[in-house]
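So you can see what is in the structure, the chains are spelled out below.
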Number of protein chains: 4
Amino acid sequence: MRTNKIEHIGVFTSGGDSPGMNAALYAIAKAAKANGIKLTGIRKGYEGLIDGDFTTLKPPELQKLSHTGGTMLKTARSKRFMELEGRKKALQTLHTNNIDALIAIGGDGTFKGLLAFSEICDLPFIGIPGTIDNDISGTDYTLGFDSAVNTAIENIDKIRDTAESHNRVFIVEVMGRDSGYIALHSGLTTGADAILIPESGKDFIYLLDKVKNYDSEDAFLVVVSEGDEIGAELVSSKIKELNINVDLRITKLGHVQRGGNPSAMDRMLGIRMGVAAVEQLLNGNSNKMVGVLNNQLHLTPFEEVVKQHQVNDELKALLKLFSK
Amino acid sequence: MRTNKIEHIGVFTSGGDSPGMNAALYAIAKAAKANGIKLTGIRKGYEGLIDGDFTTLKPPELQKLSHTGGTMLKTARSKRFMELEGRKKALQTLHTNNIDALIAIGGDGTFKGLLAFSEICDLPFIGIPGTIDNDISGTDYTLGFDSAVNTAIENIDKIRDTAESHNRVFIVEVMGRDSGYIALHSGLTTGADAILIPESGKDFIYLLDKVKNYDSEDAFLVVVSEGDEIGAELVSSKIKELNINVDLRITKLGHVQRGGNPSAMDRMLGIRMGVAAVEQLLNGNSNKMVGVLNNQLHLTPFEEVVKQHQVNDELKALLKLFSK
Amino acid sequence: MRTNKIEHIGVFTSGGDSPGMNAALYAIAKAAKANGIKLTGIRKGYEGLIDGDFTTLKPPELQKLSHTGGTMLKTARSKRFMELEGRKKALQTLHTNNIDALIAIGGDGTFKGLLAFSEICDLPFIGIPGTIDNDISGTDYTLGFDSAVNTAIENIDKIRDTAESHNRVFIVEVMGRDSGYIALHSGLTTGADAILIPESGKDFIYLLDKVKNYDSEDAFLVVVSEGDEIGAELVSSKIKELNINVDLRITKLGHVQRGGNPSAMDRMLGIRMGVAAVEQLLNGNSNKMVGVLNNQLHLTPFEEVVKQHQVNDELKALLKLFSK
Amino acid sequence: MRTNKIEHIGVFTSGGDSPGMNAALYAIAKAAKANGIKLTGIRKGYEGLIDGDFTTLKPPELQKLSHTGGTMLKTARSKRFMELEGRKKALQTLHTNNIDALIAIGGDGTFKGLLAFSEICDLPFIGIPGTIDNDISGTDYTLGFDSAVNTAIENIDKIRDTAESHNRVFIVEVMGRDSGYIALHSGLTTGADAILIPESGKDFIYLLDKVKNYDSEDAFLVVVSEGDEIGAELVSSKIKELNINVDLRITKLGHVQRGGNPSAMDRMLGIRMGVAAVEQLLNGNSNKMVGVLNNQLHLTPFEEVVKQHQVNDELKALLKLFSK
């Protein structure tokens, strides 16, 4: 670790965008300015780090954007940064531009990139967990998760209207990659009759039992995670195999869950973690992610955050209770 | 046509539900009460008409529901009513219950049903166009169309956030059956780069030309109607055949477009058409649909309303201009 | 009227901002470009016209903003333009910059300004009605009205939740200056128990009769227009004079009605009127406002549009029916 | 404490309603049923407890309402329960109906009522913190707070549109009684230029300094808590005393903050706390509030929860940083 004073921070967003990233950038700009530190925005994640695709970030501009979705720095996945040559070029770009420290907002791929980069680069890095999937250890919630769940439930509430009007069985697929957090939260909070998440495996028995006995004078709502092992189509085919008389529909919410103005919680999370990221760099920390664990700011080494965030026992018990 | 005084009206919703149906029911209840007429709600469309599945409708209960989506009378498609025997049973149910007149809220299938029913039933019928597709002649807008478009654009606005963050090509599929109204309105109002509707046929040339030359530093947004002849998958495969380097995603908004609290315009449309339906029955009219044509209340015979509502010249010109 | 060919159009927004103005600017830019016309944005209404506070408007930038509220050209009220000297300076600014024609988006004050300006300026002007108040003749709806009503009803729906939980009497004041359109639409579409608009005068008798007999096991919702002659405080004091035992609350929705992403209808209205404004200038028209009357594009001379848009007979009858 | 087995739980909502109460009721019904316990809903808070105004609560009905605002049990403030006589009558009602335990959802007034009741009643009580104000100790967040903040920020985002279009100074007043939580969260997350909360006292100096130097080419947004000692009018008068040339507007968001469908977080909070309330009663706990502290379920004695929830050091530091 270099012991030089930090005078110039670079920040970028990487991986899938998530609502709240602009709020985090606003907070980083505020904290940098308050500490007399120069701040440079790096566009398109690692691609911009390699190519020197930079922009100046100032609080007044970011203040106007802090309530918006997406990331004003744009984001990308970078094949070049997976190669040593790309990382060497990135290092050179940092040196050329006198950048002393990096803040990266992204998911596990982003942090794996920083771990690889740390082998050749001695600048301090701090990460902020930005992904709608809530699949990062070291934080109760990732930036964007609450917004994604709110978008999901507003849409599922709408689907309930038409499902009840027709007494239909509806299968709604939500995002989350390997994590059932979005499905679990959006299913519980919309009064779903069945919730299927990857963590529970392909055990469809309880769902099939329940749908067989469902009150045909009412709707039956299934919320299911995306994924080949689970997903809406698989659930649909299992129900159809029952040969019961139901009127069944599928809706996959898709990328709407990634956009939109962030919720209050995600804006606050972005602000809290953005300020903390700057402060932790100034405190001499590096190679750690800033999270909010047990509702307190918390630092976790990158090695640990890339482990998947497990659904805890309280949530598992809720899933069991509400599946009855 | 019977010339008896109308003392008891039955009302039902039929076909796909659409936001605004409960506002129309509230208005019908208000107008019926003001005219001293008994009002009976018939549940589940023609199914309830056959089976006598009735409920009492009173203004105070409906007042609380008028802002909600779906239909509190439920709706269904009825195979039995397509047979003469089913219609005869429905006629008997009406006579047994002393119902003097019917108001039906639904789409073209509903009105075709009423036309068939009128061959054996001499009660007066008035229809209200309720479908999100806006595919009914005799009205500028059908009940639910404006809400569906608002739901579509709120979701497409969210997709724009993530599309711009990644510089992606996004294909968003909206509903509308054979009608391009939802796609046309939601595409124009979200600043889409290309809009594909059934009325324009399968001419993808302009889209493909445009996407070939699109600025890879930006998003490219396609809004397309559902349907085998058009649809998101077909557009996607056409773009992929170009073998250009784009990052392409598909989202099908699906049934979220059918639910949710109705927009202001749909609530007003429901109120205007609901009151007019009662008044037109009392005026001795029958076998006509109440619509709002050129922003004025208007009656159209059922024979004409089942012709599809054509996209007018002004809209076609707008489509052409904004496709450039 | 000059007969010179139009090669350069200036556009500005003036008076109170309203949702949909950015959609109209997008459409104007598209139509200008399609016709090979240069387009200049004039900032801050007549103030920018006097001072030459100009900006370039290009379709790609506006495409990204067309779904947003407010006006990207900013707006202002101009005392200087009310004086002949200010208007002379504005004329000189137009000549210096070779602007051939003007499009103004605003309310009656804006059009009165253009009428005064036309006495010394022979350039062609076209107006677009942009105000949430819907108080302009020559158009069914002004730009922003539908969005304001949707914002109002979403908030009134929320108030209904708490009003019903407490069995309270709620008085909600909405905007509209001298026009009852917002109150009438938002009251009817939220199932209000009483609606008070300036057009009905200060006749509180029906409201007071109704509230005296209201079911204390339920909420009682009053929607009232702003204004000294009417307004929430006056209604509140009249109810308190009854000395009946009610739990009464007031909410004034205020400026939230002026902002937010425009509704689908307002975006379409902006697009339709924006394109038509350019086309009508090219057709040689001047000193007219483009409106949508009976759902058709329509031109009205400025002299007539400044007359207040009257609440029509159908709406008056609905008000009477739903007040019972 | 009685050691009898709990077979019949009564539940009521009391004090101001808040979004999420229906989700909590749904969870309580689910948990009660899973444990074979009879559940009775008590309407209108302590009033219904005194009068025996009861209703049956079953999971299927509550499942449909869990996503809605308000409280389906209604709520009220009870003067009678403040008297010993009222509490004695309530005790008798409980005994007559064989209710073994109580769950109360409400704020500090509710818990003070339970403390007084516990002097004469030996039944076990568990409380759930339901208030938008977030002013209860023993929980990170109260039920309804997150929804209120989300409603506030959606409306403040709209106000930003019009404020920026006019370069206006806007003072937005939010709720919170003596607590600055809503103001602090909604101010930080909307990029407000100044935030005033009761906890900071009447020190307006920083605000006045900042507004004196504000960029007249932009908006200036103040978010302030309600209250006589602070409030929008006071801020407005202080700014006017500066005699600077600003265009100033006030909006008080009012009761819209109390209604609307609850946010995802509030629905989850209601579900988590509702299930825990039933389980803690069965575990033999009493006279405690179930909260979520440091993101974990936590029990706090009523004596402690009525102390006001203090704004913590992290939030104070954020307030200071973002006020610069």
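See above for the structure.
Cut-offs and rules
Counting from 1, residues in each chain are numbered in the order their sequence is written. Written order decides the labels, with chains lettered from A and ligands numbered from 1. The predicted origin of the model limits local features to residues at a pLDDT of at least 70 and limits the giving and counting of side-chain atom pairs to 80 or more, whereas totals for whole chains, interfaces and linings rest on all residues. No hydrogens and no water enter the side-chain calculation; it runs on all heavy atoms of the structure. Going along the chain from the N terminus, every DSSP run of H or I of four or more residues is numbered as a helix, and every run of E of two or more is numbered as a strand. By definition, residues are in contact when any of their heavy atoms lie within 4.5 Å. Our superposition of the copies is a least-squares fit, built on the C-alpha atoms of residues whose pLDDT is at least 70 in both. The quantity reported as buried area is the accessible area (1.4 Å probe) lost by two parts once they are put together, taken as the sum for both. Salt bridge, as used here: a side-chain nitrogen of Lys or Arg that lies within 4 Å of a carboxyl oxygen of Asp or Glu. Think of a polar contact as two N or O atoms within 3.5 Å of one another; within protein, one of them needs to be a possible hydrogen donor and the other a possible acceptor, and neighboring residues in sequence only count if both atoms come from side chains. In this classification, the charged set is Asp, Glu, Lys and Arg, the nonpolar set is Ala, Val, Leu, Ile, Met, Phe, Trp, Tyr, Cys and Pro, and all remaining amino acids, among them Gly, are polar. Strands are treated as partners if at least two bridges between them are detected by DSSP. Inter-axis angles, ranging from 0 to 180 degrees, are taken between N-to-C directions of lines fitted to C-alpha atoms, where helices are fitted over the stretch in contact. Exposure classes here rest on a 1.4 Å probe applied to the protein chains alone. A residue is buried below 20% of its type maximum, exposed above 50%, and partly exposed in between. Multiplying 1.5 Å by the residue count of a helix minus one yields the expected span of that helix. The directions considered for the arc run from the helix axis to the C-beta atoms. Stacked, edge-to-face and tilted are the three classes for Phe, Tyr and Trp ring pairs, Trp counted by its six-membered ring, which pair at centre distances within 6.5 Å; planes under 30 degrees apart are stacked, over 60 edge-to-face, the rest tilted. Within this scheme a cavity is a closed region of a 1 Å grid, computed over the protein atoms alone, that accommodates a 1.4 Å probe without allowing it to escape, whereas a pocket is open but has protein on both sides within 12 Å along at least five of seven lines; lining residues each have an atom within 4 Å of a point. Grid points are joined across faces, edges and corners, and a volume is the space filled by probe spheres set on the points.

Student: Could you give an account of the environment of aspartate 133 of chain C, with specific residues and numbers?
Tutor: Residue and element names in this part refer to chain C. Looking at the element boundaries, aspartate 133 is found in the loop between strand 5 (125–129) and helix 6 (145–166). The spatial distance from the C-alpha of aspartate 133 to the C-alpha of asparagine 294 is 18 Å, given a sequence separation of 161 residues. For aspartate 133, the contacting residues outside a window of four places in its chain are Thr142, Gly176, Arg177, Ser179, Tyr181, Ile182 and Arg258.

Student: Quick one: what's the story with the relation of the copies chain B and chain C, residue by residue and with numbers?
Tutor: In the superposition of chain B on chain C (RMSD 0.0 Å, axial shift 0.0 Å), the rotation amounts to 180°. Here the transformation between the copies is reduced to the relation of a two-fold axis. Within chain B, asparagine 294 of chain B has its C-alpha nearest the rotation axis, a separation of 2.2 Å.

Student: Go over the interface of chain B and chain C, please, and point to the residues and values.
Tutor: Facing 46 residues of chain B, the contacting portion of chain C comprises 46 residues. For the chain B and chain C pair, buried surface summed over both sides reaches about 3900 Å², with 56% attributable to carbon and sulfur atoms. If you look at where chain B meets chain C, you find eight salt bridges. The shortest N-O distance in the salt bridge between lysine 64 of chain B and aspartate 218 of chain C comes to 2.5 Å. Linking chain B to chain C there are 20 residue pairs in polar contact (both at pLDDT 80 or more). Counting residues per element, the ones that place at least two in the side of chain B that touches chain C are helix 1 (21–34), helix 3 (59–65), helix 6 (145–166), helix 7 (181–189), helix 10 (264–282), strand 11 (296–301) and helix 12 (313–322) of chain B. A breakdown of the residues in the side of chain B that touches chain C according to their chemical character gives 20 nonpolar, 13 polar and 13 charged.

Student: Talk me through unusual backbone geometry; I want residue IDs and the actual numbers.
Tutor: Of note in the backbone geometry, lysine 44 of chain C takes a positive phi value of approximately 60° without being a glycine. By the secondary structure assignment, lysine 44 of chain C is in the loop between strand 2 (38–42) and helix 2 (46–51).

Student: Please give an account of the interface of chain D and chain A that cites residues and values.
Tutor: The partner chain A presents 46 residues to the 46 residues of chain D that form the contact. One can count eight salt bridges joining chain D with chain A. Where chain D touches chain A, the interface holds 20 residue pairs in polar contact (both at pLDDT 80 or more). Among the secondary structure elements, those contributing two or more residues to the side of chain D that touches chain A are helix 1 (21–34), helix 3 (59–65), helix 6 (145–166), helix 7 (181–188), helix 10 (264–282), strand 11 (296–301) and helix 12 (313–322) of chain D. Per-class residue counts for the side of chain D that touches chain A are 20 nonpolar, 13 polar and 13 charged.

Student: Summarise the sheet that holds strand 1 (residues 8–13) of chain D; cite the residues concerned and give the values.
Tutor: All names here are of chain D. On the basis of which strands lie adjacent, the open sheet formed by seven strands has the order 3-2-1-4-5-10-11 and mixed pairing. Only two strands of the sheet have a single neighbouring strand rather than two, namely strand 3 (54–56) and strand 11. Strand-to-strand twist across the sheet, computed as the mean angle between neighbouring axes with direction ignored, equals 30°. Its contacts with the sheet place helix 1 against strand 1, strand 2 (38–42), strand 4 (101–106) and strand 5 (125–129), and it is angled at close to 160° to strand 4.

Student: Help me get a handle on the environment of valine 211 of chain D, residues and values and all.
Tutor: Residues and elements named next belong to chain D. The residue valine 211 is located in helix 8 (residues 205–212) in this model. What makes valine 211 buried here is its relative accessible area of 1%. For valine 211 and isoleucine 244, which are 33 residues apart along the polypeptide, the C-alpha to C-alpha distance reads 9.0 Å. Leave out the neighbours within four places in its chain, and valine 211 touches Val169, Phe220, Ile239, Leu242 and Ile244.

Student: Pulling in residues and values, what's your account of helix 4 (residues 84–96) of chain B?
Tutor: Residue and element names in this part refer to chain B. Compared with the 18 Å implied by 1.5 Å per residue over 13 residues, the 18 Å span of helix 4 between its first and last C-alpha is a close match. Those residues of helix 4 not exposed but buried are Gly86, Arg87, Ala90, Leu91, Thr93 and Leu94. End-on, the buried residues of helix 4 take up no more than an arc of 160°, which puts them together on one face. With respect to the buried face of helix 4, the exposed residues turned more than 90 degrees away are Glu85, Gln92 and Thr96. Where helix 4 is buried, its residues contact helix 2 (46–51), strand 3 (54–56), strand 4 (101–106) and helix 5 (108–118). One or two steps after helix 4, the chain reaches asparagine 98, where phi turns positive at roughly 55°.

Student: Before we move on, could you go through the pairing of strand 8 (residues 220–225) of chain B and cite the residues and values that matter?
Tutor: As a general feature of sheets, a regular strand has side chains that alternate between the two faces. Residues and elements named next belong to chain B. Most of strand 8 is tucked away, with six of its six residues classed as buried. Residues Phe220, Val222 and Val224 of strand 8 are buried on one face, and the alternating residues Leu221, Val223 and Ser225, pointing to the opposite face, are buried as well. Bridge count for strand 6 (residues 169–174) against strand 8 is six bridges, and the pairing is parallel. Bridging across to strand 8, phenylalanine 170 finds its partner in leucine 221.

Student: Now, about the arrangement of the chains: what can you tell me, with residues and values included?
Tutor: In this structure chain A stays clear of chain C, and the shortest span between their C-alpha atoms is 11 Å. At their nearest point, the C-alpha atoms of chain B and chain D are still 11 Å apart, with no contact between the two.

Student: Can you tell me about the packing of aromatic side chains, naming the residues and giving the values?
Tutor: Here the structure, examined in full by the defined rule, presents 36 aromatic pairs over all chains. Three or more aromatic residues joined by ring pairs make a cluster, and in this case those are Phe12, Tyr46, Phe81, Phe117 and Phe125 of chain A.

Student: Can you break down the pairing of strand 11 (residues 296–301) of chain A residue by residue, with the values?
Tutor: Residues and elements named next belong to chain A. In this structure, strand 10 (residues 288–293) lies alongside strand 11, joined through six bridges in antiparallel fashion. Of the residues in strand 11, the one forming a bridge with lysine 288 is proline 301. Linking strand 10 back to strand 11 in an antiparallel pair, the connection comprises two residues, with asparagine 294 at a positive phi of about 50°.

Student: Could you give an account of empty space enclosed by the protein, naming the residues involved and the relevant values?
Tutor: This model, assessed by the stated rule, comprises two cavities of 30 Å³ or more. Each pocket or cavity is described by its volume, and for the largest cavity that value is around 40 Å³. In terms of lining residues, the largest cavity is bounded by Asn155, Lys252, Leu253 and Val256 of chain A together with Asn155, Lys252, Leu253 and Val256 of chain B. Considering only residue class, the lining of the largest cavity consists of four nonpolar, two polar and two charged. As a volume, the second largest cavity reaches approximately 30 Å³. Lining the second largest cavity are Arg160, Ala163, Glu164, Arg168, Ala219, Phe220 and Leu221 of chain B. Only helix 6 and strand 8 of chain B provide two or more residues apiece to the lining of the second largest cavity. Per-element accounting of the lining of the second largest cavity gives the leading share, three residues, to helix 6 of chain B.

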